[in-house]
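# Examining the three-dimensional arrangement
What follows is the residue order along each chain.
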Amino acid sequence: MKTISKDILKKAASKLLFDMTEAQYALLEDEFGTLLSQMDLIGKIPDIDSVAPMTFPFDTGNAFMREDVPEAPALVSDILKNAGHVEDDQIKLPKVVG
Amino acid sequence: MSYLDLTIKEIHEALVARLVTPIELVKEALERAKANTDNAFEIILEQEALAQAAMLLEPEVDNMLWGIPYVAKDNFSTKDIPTTGGSNILTGYVPLFDATVITRLKEKHAILIGKTTLDELAMGGTGKSGHKGKTFNPYDKTKQRMIGGSSSGSAAAVCAGIVPFALGSDTGDSVRKPASYAGLVGMKPTWGRISRYGLFPFAPSLDHVGFLTRSAYDAALVLNALAKSDKYDATCSDTPAIDYTNSINQPIAGKRIAIIEEIVKSKHRPEVIKAFEAIVEQLKNDGAIVTIVKFRRDLLEAIFPIYITISCAEATSNAANLDGIKFGPATWGTTYEDAMRNARTAGFSELIKRRFVIGSYALLRENQEVLFLRAQKGRRLIVEELNKIYQDHDLILAPAAPSIAPKFEDKTDQLSDEYLIADNHLVLGNFGGFPGVTLPLGKLNDMPFGIHVMGRPFEEGLVLAASQAIENHTGLRNMIAPKEVNL
Amino acid sequence: MNFEAVIGLEIHVEMNTKSKMFSPAPVTFGTAPNSATLPIDLAHPGTMPTLNKQAVINAIRVCSALHMDIDRELWFDRKNYFYSDLPKGYQITQNERPIGKNGHIYVTGEFGRRRINITRLHLEEDTAMQHHFYDYTLLDYNRAGIPLIEIVSEPEIRTGKEAADYVDKIRSIVTFTDISTGKMEEGSLRCDVNISLRPIGATKFGTKVEVKNINSINNVAKAVDFEIARQNEVLLSGKQVVQETRRYDDALKETVSMRLKTDSVDYKYFTEPNLIPVKLTEKFITDAIATCPELAEVKYERYMQQLGLSEYDASLLIASKETCQYFDALVTLGVPAKIASNWLSGEISSYLNKNQVSIEIFPIKPSRMAELLSLIDKGTISNKQARDLFVHMLESTDSPAQLASKLGMMQISDEGALLQVVTTVLNENTQSIADYKAGKDRALGFLVGQVMKRTMGKANPGLASQLVKQELDKR
């Protein structure tokens with residue numbers, strides 16, 4: 001099993017668009033140690049790879065598809081009222097490049 | 001004694017007999033809410049609740065929830081009412097729509113008197129990690145013991161007698177564990193039985209809407225109101241619902257109950273096991289057929305890593321919409337990424353961030369096969385084992401928790417090596433979507449502990465019937481924590 | 001060293017369903033910002049996706065037109081990444097199990113008609129629109145969640161001409177099946193090209209460059225040709241082609257570097273847990289295909305086999321769905337196919353080109369056009385008169401007959417045209433001919449009357465009489 005370096009953790013956090021304190025990274029390193037050894041338990045299950053991964057708790061039968069009938073949209077004022085920065089009825093962000 | 005201290009069933013009878021009015025109930029509930037010191041509330045909805053109650057003048061005889069005050073965990077979307085998910089990243093967020101279950105309860109004229117505290121974004125089991133701090137267990141006036149989580153505030157509100165029922169959510173045990181610590185009935189129905197539309201997602205393949213009451217019959221009443229198909233939730237079943245207050249009366253004679261040996265033999269307080277065995281005897285006397293079954297130990301020991309991997313992975317993805325741009329406290333930066341980074345760094349607690357990193361790590365291309373996909377495979381193996389048991393048995397019984405509510409200082413949110421099957425088996429109900437109920441089993445040092453009944457998908461009726469049978473034996477119905485004594 | 005180009009195309013088609021892919025908000029184009037959204041389009045917590053049935057039907061139709069294997073189960077995945085135009089922080093798409101696989105299409109280029117295999121077709125949702133200003137960007141979520149299908153070809157295309165034809169053929173399919181407006185200039189059909197070069201005969205792929213921002217079919221060929229030439233030059237000078245994304249600059253007529261392609265992004269795909277897999281029944285698939293509007297290639301065959309049009313005429317018609325619709329309407333109204341086809345490729349086409357408008361807003365609707373064309377057919381007016389009438393009809397809402405009358409075209413003095421009518425009348429009234437021959441003068445009057453009747457009274461009576469007599473004498 002791979003051992004986790006703080007670097008990897010920092011990279012992961014950065015990709016998730018948040019920062020953590022050094023102390024938290026240290027804590028996380030510990031947690032990962034625990035987690036990875038516990039995940040080893042999964043790896044040790046003899047027939048683990050003999051089955052397909054399961055996403056849904058059970059086969060619920062045929063799922064439904066929505067009829068193509070549009071619903072009345074929200075009022076512009078409502079849909080924007082939770083946004084921090086609004087201009088010209090649009091949500092404003094720092095300039096996006098690329 | 002107040003009518004508010006009764007079960008829903010009893011309050012309804014009093015309302016119909018005009019012994020009490022909705023306004024009176026709501027006023028009292030609001031007073032208790034405001035006086036409560038367990039940190040159960042994100043927000044108390046005084047004006048809204050009184051306004052609604054004032055409109056309810058003619059009791060609806062056939063509508064058991066008419067005029068009944070309740071609370072909802074603050075991860076249910078409520079229109080025009082700030083909803084935070086217990087996280088600073090959603091401070092100030094005011095939804096534009098009601099969760100389907102909120103709408104259903106509105107239609108039944110139940111009255112929402114407040115939104116309750118929770119572990120942040122429902123991702124915890126201690127009631128410590130919400131942005132309002134610890135939620136306490138009303139049974140422990142010294143405030144040393146937790147009520148568990150993540151539906152902490154909802155459990156506290158029902159346990160303290162503020163309301164007779166509360167909405168919660170259960171992804172790994174977040175309704176059924178607090179129920180055990182708080183002497184309540186906590187129900188998690190079958191996956192897809194109740195619409196999740198409007199429930200802030202933690203891990204959709206494991207998430208369930210659940211609720212807390214003080215009697216099995218009350219649970220049937222609430223389930224009746226909520227078990228319906230919903231075109232806004234593609235995972236919500238259209239299997240016809242039944243009248244659970246009817247099926248709750250079915251006899252359990254002849255029903256086959258399985259007890260998983262490895263679970264009951266794992267570390268519990270001896271008193272809990274003793275009480276459990278006593279109940280099992282009484283069920284046998286009722287005519288139930290009880291068998292001890294074996295369950296693969298390697299699978300049981302893998303429960304926790306399977307759960308943490310799948311739930312953190314799904315959670316990381318779900319929380320990617322929380323970026324401060326569309327809602328949440330305003331953010332800015334030199335680039336859009338900075339703006340999002342600033343919001344997420346400030347808005348998420350440290351615990352949540354650590355969970356997200358775990359989840360993200362498990363999904364990385366180089367790790368997915370070995371981490372995420374293997375966890376999903378483990379889930380399948382476990383569910384297949386349970387289905388085998390359900391071929392020959394109707395119900396699975398176990399103590400709900402190894403002991404009474406832990407003290408805050410004894411339980412950390414940090415992942416630790418100490419691993420108890422006894423503490424983690426409730427999530428079996430989430431892996432396979434099986435309906436489960438925790439209800440009171442006994443008390444130890446004045447703190448409650450519970451028993452867990454789990455059935456096949458869509459067999460809530462039988463699960464509730466067994467629960468009621470147990471309730472009849474223990475007599476532990478409608479338990480409210482002793483009130484604060486004013487010195 | 002001679003190089004061959006290895007080209008693959010990725011096309012995104014915006015569907016014109018009434019509601020969005022996973023959201024019931026309306027699909028609109030060009031409406032006021034954020035006026036066609038629901039909380040789910042801004043990824044409000046607790047909102048959940050629901051699958052648009054019509055979008056599935058549309059995808060099935062395109063899969064069928066591309067001869068693809070259609071998956072009997074619909075599974076969806078999350079593609080996770082952060083970007084300003086992606087409200088959920090992930091896109092719901094189909095990574096593992098695209099609805100269509102292993103299809104093909106024929107393109108025509110320098111190497112004649114060649115089969116190009118199509119790897120996959122899948123359903124996904126569009127992103128929000130961004131408007132960039134000097135130091136800020138504005139987000140409009142109207143477009144967020146609009147249904148998309150993505151079509152990925154095998155890298156088997158070799159030239160700009162082939163690439164352009166490929167895009168044109170796809171455009172034809174999506175417009176004729178009525179699932180999209182297919183307009184590159186409006187963004188409802190988007191094309192990204194992946195180009196690499198390798199020595200002729202080599203099997204290993206060269207370094208791939210992605211070219212985006214191509215806004216017309218003509219520019220597909222231009223962009224590809226430019227890029228092939230550019231890479232050729234790079235390689236011949238001994239350098240390496242840089243793996244990057246470039247955009248086609250319409251003004252410069254060149255591809256320009258946009259950004260370097262770093263390690264491919266890890267999207268952490270996993271199955272979308274909020275969408276239970278949908279099992280597609282055989283009936284659902286068959287019905288979707290059976291109710292599909294006629295494809296261009298089917299019309300092409302039908303126009304030739306059943307309506308007797310030439311290859312040339314048929315191919316002119318199928319260049320656009322709207323032209324075919326107009327043509328089909330004329331034919332349904334009784335206009336002979338050849339006449340309809342001639343007028344569409346002649347007068348109507350001239351008008352549309354001169355005025356830079358499309359046939360959808362052509363002022364003469366099929367019913368009035370059909371009336372005009374039937375006047376010619378009946379010999380009521382001549383072709384020349386019809387062309388004059390046509391011009392007037394553009395400005396007026398009167399019926400052709402009314403207009404003809406107003407313009408004094410009522411009287412037909414065209415000897416050739418009248419002669420036709422006279423001949424027809426005589427052929428249909430042999431008894432009257434006999435009568436006339438037998439000395440019954442009234443038969444002449446009768447026959448002239450028939451000519452007048454047939455020309456709705458517009459024949460020049462004198463000329464008609466003269467011609468009838470003339471023809472009678474011949475018999």
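Residues numbered from 1 in each chain as written. Chains lettered and ligands numbered in written order. Predicted model: local features only at pLDDT ≥ 70, side-chain atom pairs only at ≥ 80, totals over all residues. Heavy atoms only, no water.

Of the regular secondary structure elements, chain A holds three helices and two strands. The secondary structure elements of chain A, listed N-terminal to C-terminal, are α-α-α-β-β. The C-alpha atoms of chain A give a radius of gyration of 23 Å, which is well past the 13 Å a tight globule of 98 residues would have. For the C-alpha atoms alone, the extent of chain A along its principal axes is close to 55 × 45 × 25 Å. Buried positions account for 43% of the 98 residues belonging to chain A. Considering chain A, the positive charge centre built from 10 side chains and the negative charge centre built from 17 side chains are found 9 Å apart. (Helix = DSSP H or I, 4+ residues; strand = E, 2+ residues; numbered from the N terminus. Rg over C-alpha atoms; globule rule 2.2 N^0.38 Å. Buried < 20%, exposed > 50% of the residue type's maximum accessible area, 1.4 Å probe, protein only. Lys, Arg positive; Asp, Glu negative; His and termini not counted. Charge placed at Lys NZ, Arg CZ, Asp CG, Glu CD.)

As a further point, take empty space enclosed by the protein. Scanning the entire structure with this criterion turns up six cavities of 30 Å³ or more. Roughly 460 Å³ of internal volume is contained in the largest cavity. Forming the boundary of the largest cavity are 37 residues, of which B:N321, C:A43, C:T47, C:K88 and C:Y90 lie nearest the centre. At the level of elements, α12 (303-318) of chain B together with β5 (90-93) of chain C are the ones that each hand at least two residues to the lining of the largest cavity. Ranked by residues supplied to the lining of the largest cavity, first place goes to β5(C) with three residues. (1 Å grid on protein atoms, 1.4 Å probe; cavity = no way out; pocket = protein on both sides within 12 Å on 5 of 7 lines; lining within 4 Å. Points joined across faces, edges and corners; volume = space filled by probe spheres on them.)

This next bit is on the interface of chain A and chain B. Each side of the interface is counted separately: chain A has 57 residues, and chain B has 75 residues. Each partner contributes to the roughly 5,800 Å² buried at the junction of chain A and chain B, and carbon and sulfur atoms together form 67% of this total. Our count for the chain A to chain B interface comes out at seven salt bridges. With a shortest N-O distance of 3.9 Å, A:K81 and B:D80 are connected by a salt bridge. At the boundary of chain A with chain B, the tally comes to 18 residue pairs in polar contact (both at pLDDT 80 or more). Those elements that provide at least two residues to the side of chain A that touches chain B are α1 (6-15), α2 (22-44), α3 (76-80) and β2 (90-94) of chain A. Top element by residues in the side of chain A that touches chain B is α2(A). It accounts for 15 residues. (Contact = heavy atoms within 4.5 Å. Buried area = accessible area lost by both parts, 1.4 Å probe. Salt bridge = Lys/Arg side-chain N within 4 Å of Asp/Glu carboxyl O. Polar contact = N/O pair within 3.5 Å; in protein donor to acceptor, adjacent residues only side chain to side chain.)

Turning to the side chain of C:Q231, a few remarks are in order. All names here are of chain C. Mapping Q231 onto the fold places it in helix α3 (residues 217-236). For Q231, a relative accessible area of 0% translates into the label buried. A polar contact of 3.2 Å, which involves the side chain of Q231, links it to the backbone oxygen of I195. When neighbours within four sequence positions are excluded, Q231 is seen to be in contact with I195, S196, L197, T207, V209 and V241.

Moving on, we get to the packing of aromatic side chains. Overall, the coordinates contain 26 aromatic pairs over all chains when judged by the stated rule. Among the aromatic residues, those joined into a cluster by ring pairs are A:F56, A:F58, B:W191, B:F458 and C:W75. Looking at B:K134, its charged tip hangs above the ring of B:F408, at a distance of 4.7 Å from the centre. (Phe/Tyr/Trp six-rings, centres within 6.5 Å; stacked < 30°, edge-to-face > 60°. Lys NZ or Arg CZ within 6 Å of the ring centre and 35° of its normal.)

This part is about the domain arrangement of chain C. Residues and elements named next belong to chain C. Segmenting chain C into domains produces domain 1 (3-279), domain 2 (292-406) and domain 3 (415-474). Counting residues at the interface gives ten residues for domain 1, matched by twelve residues for domain 2. The interface formed by domain 1 and domain 2 holds one salt bridge in total. Put simply, domain 1 and domain 2 have one residue pair in polar contact (both at pLDDT 80 or more) between them. Of all the elements in the fold, those that place two or more residues in the side of domain 1 that touches domain 2 are α1 (53-65) and α2 (160-176). Looking at the side of domain 1 that touches domain 2, the element that brings in the most residues is α2, giving five residues. Looking at the side of domain 1 that touches domain 2, its residues break down into three nonpolar, three polar and four charged. (Domains from an automatic or database assignment. Nonpolar A, V, L, I, M, F, W, Y, C, P; charged D, E, K, R; others polar.)

Moving on: the sheet that holds strand β5 (residues 185-188) of chain B. What holds strands together in a sheet is hydrogen bonding between their backbones, with the strands either parallel or antiparallel. All names here are of chain B. If you walk across this open sheet you meet the eleven strands as β1-β3-β2-β4-β6-β5-β10-β11-β9-β7-β8, and the pairing is mixed. Looking at strand neighbours, the two that pair on one side only are β1 (41-44) and β8 (289-293), the edges of this open sheet. Strand-to-strand twist in this sheet, taken as the mean axis angle between neighbours without regard to direction, amounts to 30 degrees. Both β5 and strand β6 (residues 208-213) contribute to a ladder of three bridges, which runs antiparallel. Looking at the pairing, G186 lines up with L212 of β6. Strand contacts of helix α16 (residues 372-392): β7 (256-260), β8, β9 (395-399) and β11 (447-455), with the helix running at about 145 degrees to β7, the strand carrying the most contacts. (Pairing = 2+ DSSP bridges. Axes fitted to C-alpha atoms, helices over the stretch in contact; angles between N-to-C directions.)

This next bit is on the sheet that holds β5(C). Residue and element names in this part refer to chain C. Ordered in space as β5-β4-β15, the three strands form an open sheet in which the pairing is antiparallel. What marks the edges here is a single partner per strand, and that holds for β5 and β15 (270-271). Across four bridges, strand β4 (residues 77-80) lies against β5 in antiparallel orientation. Across the sheet, R78 pairs through a bridge with I92, a residue of β5.

On to the pairing of β5(B). Residue and element names in this part refer to chain B. Taking every second residue as pointing to the same face, both faces of β5 are buried, with V185 and M187 on one and G186 and K188 on the other. Two elements, β5 and strand β10 (residues 436-444), share three bridges in a ladder whose sense is antiparallel. Counterpart to M187 in the pairing with β10 is V437.

This part is about the pairing of strand β7 (residues 112-125) of chain C. Residue and element names in this part refer to chain C. The pairing of strand β6 (residues 100-109) with β7 spans nine bridges and is antiparallel. For V107, the partnering residue across the bridge sits in β7 and is R114. The turn linking β6 back onto β7 is made up of two residues. Two elements, β7 and strand β10 (residues 147-153), share seven bridges in a ladder whose sense is antiparallel.

Let's shift gears to the interface of chain A and chain C. Counting residues at the interface gives 36 residues for chain A, matched by 53 residues for chain C. The contact between chain A and chain C buries some 3,700 Å² in all, and 60% of this surface belongs to carbon and sulfur atoms. Taken together, the links from chain A to chain C amount to two salt bridges. The closest approach of N and O atoms between A:D59 and C:K279, which form a salt bridge, is 3.4 Å. Our count for the chain A to chain C interface comes out at 23 residue pairs in polar contact (both at pLDDT 80 or more). Going through the elements one at a time, α3 and β2 of chain A are the ones with two or more residues in the side of chain A that touches chain C. Among the elements that take part in the side of chain A that touches chain C, β2(A) stands out by supplying five residues, more than any other. Grouping the constituent residues of the side of chain A that touches chain C by class yields 18 nonpolar, seven polar and eleven charged. Of the strand pairs in this sheet, β2(A) and strand β9 (residues 136-140) of chain C are connected by four bridges, and their pairing is antiparallel. Bridging across to β9(C), A:K92 finds its partner in C:L138.

Below, the discussion takes up the pattern of salt bridges. Should their charged atoms come close, side chains of opposite charge can pair. Residues and elements named next belong to chain C. For the structure on display, the rule yields 70 salt bridges over all chains. The shortest N-O distance in the salt bridge between R190 and E14 comes to 2.7 Å. Of this pair, R190 sits in strand β11 (residues 189-199) while E14 sits in strand β1 (residues 3-14), and the two are 176 residues apart along the sequence. Linking R171 and D168 is a salt bridge whose minimum nitrogen-to-oxygen distance equals 2.8 Å. Separated by three residues within a single helix, R171 and D168 lie in helix α2, roughly one turn from each other. With relative accessibility at 21%, the residue R171 sits in the partly exposed group.

What follows concerns the environment of B:R355. Topologically, B:R355 is positioned in helix α14 (residues 350-363). Excluding its chain neighbours within four sequence positions, the residues that come into contact with B:R355 are A:E31, B:M123, B:I308, B:C312, B:T316, B:D413 and B:L415.

With that settled, consider the packing of α2(C) against α3(C). Residue and element names in this part refer to chain C. Two elements in contact, α2 and α3, have axes whose closest approach is 7 Å; the angle formed by their N-to-C orientations is 150 degrees. It follows that α2 is roughly antiparallel to α3 by the angle criterion. Of the two possible hands of crossing, α2 and α3 adopt the one that is right-handed. When α2 is examined against α3, the residues G160, K161, A163, A164, V167, D168 and R171 are found in contact with a partner set consisting of I217, V220, A221, V224 and D225. Residue classes in the contact of α2 with α3 are distributed as seven nonpolar, one polar and four charged. (Parallel < 35°, antiparallel > 145°, perpendicular 65-115°, else oblique. Left-handed = near helix turned anticlockwise from the far one by under 90°.)

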